[in-house]
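Structure at a glance
Now for the letters of each chain:
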Amino acid sequence: MAGVERDGGCLCGSVRIKVSGAPLRIGLCHCHDCRRASGSFFTPFGVWPISAYEGSGEMKTFAKRSFCPQCGSRIAWLRDDEVEIMLGSLDMAPTDLIPEYELWVPRRENWLMALPWAEQFAGDRFPLPSHDEAVEPS
């Protein structure tokens, strides 16, 4: 995957992104925040080094999630050293990007089977600093 470039963007085309090279990791998240932000049962995402990311167009950010202010498409979570890209925002179907782990599996729908090859986490993959922790309603 070294040297691979992946283009993507929002629904209306106002925001365009590109990531280069292999992702650091691929996951699925079933947390409450991701479900609400995506409007789906889970969110597939890939994490790349921030140096592998390029973006153009205006994005707004809410709860650290960046999105297109025109159409509302959720695109990325930009951090100091990494960028988490919503895989659905990529132009080509990312069929070669296979999730290695699942997060917040207690929230997975009962009818949705666990990925047998993927590591399973009851919450986040690793503890985040308290100011970054996802807030899960009781």
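In this report, the structure presented in the accompanying data block is examined.

About the criteria used
Residues numbered from 1 in each chain as written. Predicted model: local features only at pLDDT ≥ 70, side-chain atom pairs only at ≥ 80, totals over all residues. Heavy atoms only, no water. Helix = DSSP H or I, 4+ residues; strand = E, 2+ residues; numbered from the N terminus. Areas by Shrake-Rupley, 256 points an atom, 1.4 Å probe, with all protein chains shown as cover. Core = buried A, V, L, I, M, F, W, Y, C linked by side-chain atoms within 4.5 Å. Buried < 20%, exposed > 50% of the residue type's maximum accessible area, 1.4 Å probe, protein only. Contact = heavy atoms within 4.5 Å. Phe/Tyr/Trp six-rings, centres within 6.5 Å; stacked < 30°, edge-to-face > 60°. Lys NZ or Arg CZ within 6 Å of the ring centre and 35° of its normal.

**Digging into the overall build of the protein chain**
Counting its regular elements, the protein chain contains one helix and eleven strands. Ordered by position from the N terminus, the helices and strands of the protein chain form the series β-β-β-α-β-β-β-β-β-β-β-β. Carbon and sulfur atoms make up 55% of the accessible area of the protein chain, which amounts to about 7,900 Å² in all.

**Observations concerning the nonpolar core**
By size, the foremost hydrophobic cluster in this structure holds 16 residues, and its most contacted members are Ile 17, Trp 48 and Ile 85. Of all the secondary-structure elements, those providing two or more residues to this core are strand E2 (16–20), strand E8 (74–78) and strand E9 (82–86). In this view, Ile 17 contacts Arg 6, Asp 7, Gly 8, Gly 9, Tyr 53, Glu 54, Gly 55, Ile 75, Ile 85, Ser 89 and Leu 90; residues no more than four positions away in its chain are not counted. Ranked by size, the runner-up nonpolar core spans ten residues in total, among them Cys 34, Leu 103, Trp 104 and Phe 121.

**Remarks on the packing of aromatic side chains**
Evaluation of the coordinates by the stated rule reveals three aromatic pairs. Geometrically, the ring pair formed by Phe 45 and Tyr 101 is edge-to-face, given 6.0 Å between the ring centres and 70° between the ring planes. Of this pair, Phe 45 sits in strand E4 (residues 43–49) while Tyr 101 sits in strand E10 (residues 101–103), and the two are 56 residues apart along the sequence. For Phe 45, a relative accessible area of 4% puts it in the buried group. Relative accessible area serves as the criterion here: at 5%, Tyr 101 is assigned to the buried category. These aromatic residues form a ring-pair network of at least three members: Phe 45, Tyr 101 and Phe 121. Across from the ring centre of Trp 77, 5.1 Å away, lies the NZ or CZ of Arg 79, which sits over that ring. Of note, Arg 125 hangs over the ring of Tyr 101, and the distance from its end group to the ring centre comes to 5.3 Å.

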